[in-house]
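# Summary of structural features
Read off the chains here:
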Amino acid sequence: MNSQQNDGNGADIIPVRLGLDSTFEFECHKDVKCFTKCCRGINIILTPYDIILLKNRLGLSSEEFLAIYTVPKIWEKTDLPAVTLKLLDDDLESCPFVKESGCIIYEDRPTTCRYYPIGAASLSHKEGADDEGFYFFVNEPHCLGFEEKKSWTVKEWRQDQGVDTHDDINAQWTDLIVRKRSFPSNIKLTDKSKELFFMVSYNIDKFKRFVFESPFLEKFAVDKETVEEIKSDEIALLKFGLAWLKDILFQDKNLDAFKG
């Protein structure tokens, strides 16, 4: 993840490092003059949990949501597939879910939106990790939210915005990306491996069919309790799939981690 910012004159700014206990003043609401400006001309990488929330909110299948609302990308310094939110083809490159009154899917908004105005310079959000994380302000000249007087710590902001829940559910996915970034650049995944990564990460409906409508359960030993859980719980299915991916891509025999 790129932790550098630009000051608008072409010069890179090295961001001030923030920890979980760092404090700042910020608030966003309809009376702030720049309201919704941060929802235009943006690059929002969608996480697996983002897609599950949004496709269910909109009453779409994974395939339908991906086709209508996303653009395929490649993760920086990896050959892993990513997806970003497709912006409207207008002069402002607006988010498709922003209106003058605000975000129409606010309760299910993506992780990146929840973090704003904080950026996370590390993809790793493991519980109990020694490194509490590297956070920084997303400094945009138009943002007047910093003039508001509501005080937060980074930890309080993450909890208030639900980022901690998102990061916890996405933790195994972010770990896969971090692991792949640590590989020498000449080590590439096969096309099949990348297809599996895309399916598990972004197309939970297709992955469910893959598990239950193919010989998957004949080839891989999965206990009955887990089978029943992943039939009805998409989050459990996602975590199971990410553990399976880790096993397949990095030979970590850890599918038991998500049993029960």
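Definitions and cut-offs
- Residues numbered from 1 in each chain as written.
- Predicted model: local features only at pLDDT ≥ 70, side-chain atom pairs only at ≥ 80, totals over all residues.
- Heavy atoms only, no water.
- Helix = DSSP H or I, 4+ residues; strand = E, 2+ residues; numbered from the N terminus.
- Buried < 20%, exposed > 50% of the residue type's maximum accessible area, 1.4 Å probe, protein only.
- Contact = heavy atoms within 4.5 Å.
- Areas by Shrake-Rupley, 256 points an atom, 1.4 Å probe, with all protein chains shown as cover.
- Phe/Tyr/Trp six-rings, centres within 6.5 Å; stacked < 30°, edge-to-face > 60°.
- Lys NZ or Arg CZ within 6 Å of the ring centre and 35° of its normal.
- Expected span 1.5 Å × (residues − 1).
- Bend = angle between axes of the 7 residues up to and from the residue.
- pLDDT = per-residue confidence, 0-100.
- Polar contact = N/O pair within 3.5 Å; in protein donor to acceptor, adjacent residues only side chain to side chain.

Bringing the overall build of the protein chain into the picture now. Looking only at helices and strands, the protein chain has 10 helices and 10 strands in total. Split into buried and exposed, the 260 residues of the protein chain put 44% on the buried side. Relative to all contacts within the protein chain whose residues are 6 or more apart in sequence, the contacts with residues 24 or more apart total 68%. Looking at the protein chain as shown, the accessible area adds up to about 14,000 Å², and 49% of this sits on carbon and sulfur atoms.

Turning to the packing of aromatic side chains, a few remarks are in order. Counted according to the given criterion, the structure contains 22 aromatic pairs. Each ring, one from Tyr69 and one from Phe97, has its centre 5.0 Å from the other, and the planes form 35°; the classification is tilted. Here Tyr69, found in helix H2 (residues 62-69), pairs with Phe97, found in the loop between strand E5 (81-85) and strand E6 (98-99); they are 28 residues apart in sequence, far enough to count as distant. With a relative accessible area of 4%, Phe97 lands in the buried category. Ring centres 5.4 Å apart and planes at 80° place the aromatic pair Phe137 and Phe146 in the edge-to-face group. Here Phe137 falls in the partly exposed class, since its relative accessible area comes to 21%. Look at Phe146 and you get partly exposed, because its relative accessible area is 26%. These aromatic residues form a ring-pair network of at least three members: Phe24, Phe26, Phe137, Phe146, Trp152 and Trp157. In this structure, Arg17 packs its charged tip against the face of Phe134, placed 4.7 Å from the ring centre.

With that out of the way, let us pick up helix H5 (residues 163-181). Compared with the 27 Å implied by 1.5 Å per residue over 19 residues, the 23 Å span of H5 between its first and last C-alpha is markedly short. Largest kink in H5: about 60°, centred on Ala171.

On to the confidence of the model for the protein chain. Overall, the prediction assigns the protein chain a mean pLDDT of 87, with 86% of residues at 70 or greater. Counted against residues more than four places away or in other chains, residues 1-13, with its pLDDT under 50, gives 25 contacts.

This part covers the side chain of Asp108. Mapped onto the elements of the fold, Asp108 is located in the loop between strand E7 (102-103) and helix H3 (111-115). For Asp108, a relative accessible area of 16% gives the class buried. Within the structure, Asp108 has its side chain in polar contact with the side chain of Arg57 (distance 2.9 Å). Apart from the residues lying within four places of it in its own chain, the contact partners of Asp108 are Leu53, Leu54, Arg57 and Arg114.

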